[in-house]
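The lines below spell out each chain.
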Amino acid sequence: MLLINIVTFVTCVLWNQDLIKADLPPEKLFVEALKCREQSLATRDDLHSIALRVPPETMSGKCTLLCMMTNHGLVENGRYNQDNTYQFLKKHFPERPMMVRDMEETAKNCQYISDKVPEDYQGTCEHAYILAVCIQENLKGVKM
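The text that follows walks through the structure, step by step, so that each part is easy to find. (Residues numbered from 1 in each chain as written. Predicted model: local features only at pLDDT ≥ 70, side-chain atom pairs only at ≥ 80, totals over all residues. Heavy atoms only, no water.)

A short note on the overall build of the protein
The condition that has to hold: Numbered from the N terminus, helices here are DSSP runs of H or I no shorter than four residues, and strands are runs of E no shorter than two. Using a 1.4 Å probe on the protein chains alone, a residue whose accessible area is under 20% of its type maximum counts as buried, one over 50% counts as exposed, and one in between counts as partly exposed. Contacts are assigned to residue pairs that have any heavy atoms within 4.5 Å of one another. Values of accessible area rely on a 1.4 Å probe in the Shrake-Rupley scheme; residue burial ignores everything except the protein chains shown.
Within the protein one finds eight helices and two strands. Relative to its 144 residues, the protein shows a buried fraction of 47%. Sequence-distant contacts, at least 24 apart, represent 67% of the contacts inside the protein between residues at least 6 apart. In the structure as shown, the protein presents an accessible area of about 8000 Å², 56% of it carried by carbon and sulfur atoms.

Observations regarding unusual backbone geometry
With a phi close to 60°, L41 is a non-glycine residue in the positive phi region. Position of L41 among the secondary structure elements: in the loop between α3 (37-40) and α4 (44-51). One non-glycine residue, N77, lies in the positive phi region at around 50°. Mapped onto the secondary structure, N77 falls in the loop between β1 (75-76) and β2 (79-80). The exposed category is assigned to N77, whose relative accessible area is 81%.

Considering the packing of aromatic side chains
Operational definition: Only centres within 6.5 Å qualify two rings of Phe, Tyr or Trp (six-membered ring in Trp) as a pair; their planes then separate them into stacked at under 30 degrees, edge-to-face at over 60, and tilted for everything else. Whether a charge sits over a ring comes down to the Lys NZ or Arg CZ being within 6 Å of the ring centre and within 35 degrees of the ring normal.
Under the counting rule described, the total for this entry stands at zero aromatic pairs. Geometry around Y129 places K62 over its ring, the cationic atom sitting 4.6 Å from the centre.

Some details on the state of the cysteines
Where we set the bar: Cysteine sulfur atoms are paired as a disulfide whenever they come within 2.5 Å of each other.
Counting across every chain of the model gives three disulfides. Paired through a disulfide, C36 and C67 show a sulfur-sulfur distance of 2.1 Å. With the S-S dihedral at roughly -80°, the linkage between C36 and C67 falls on the left-handed side. A residue pair is termed long-range when its members are at least 10 positions apart, and C36 in the loop between α2 (26-34) and α3 and C67 in helix α5 (residues 59-71) qualify at 31 residues. At a sulfur-sulfur separation of 2.2 Å, the disulfide partner of C110 is C134. Residues C110 and C134 share a disulfide whose torsion about the S-S bond is about -105°; that sign makes it left-handed.

Function cannot be inferred from these measures alone, as they are strictly geometric.
Okay, here's the thing in structure tokens:
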């Protein structure tokens, strides 16, 4: 429980400070989250939180993250996919030599974190939330 509280705090700080900027404007994030609404039972507040890069604290919000990650291949068959995460980051961040290295490190570091997640949490909404925090934490210094 303490880990989840720490993860929630870190995510709130990072998303609220808008330290990470990519070609994912709020309206695009909203549309992506909306695609998952029926499956995750996301509320309007969940969708708005995601669009504003404020981590949803509800289970439906976390499940929306899982759906979005699955749709983009960051999670496949309940498992984190390091290579697809790297490709996703490359697609949504302008390529610069230092950024590419940061994206590679982020994908690798999140694989390490994902491997530490207990087996019964793999592929769950909580797992997606942990991955979202990992990505945010690893790219926290990136500003476009």
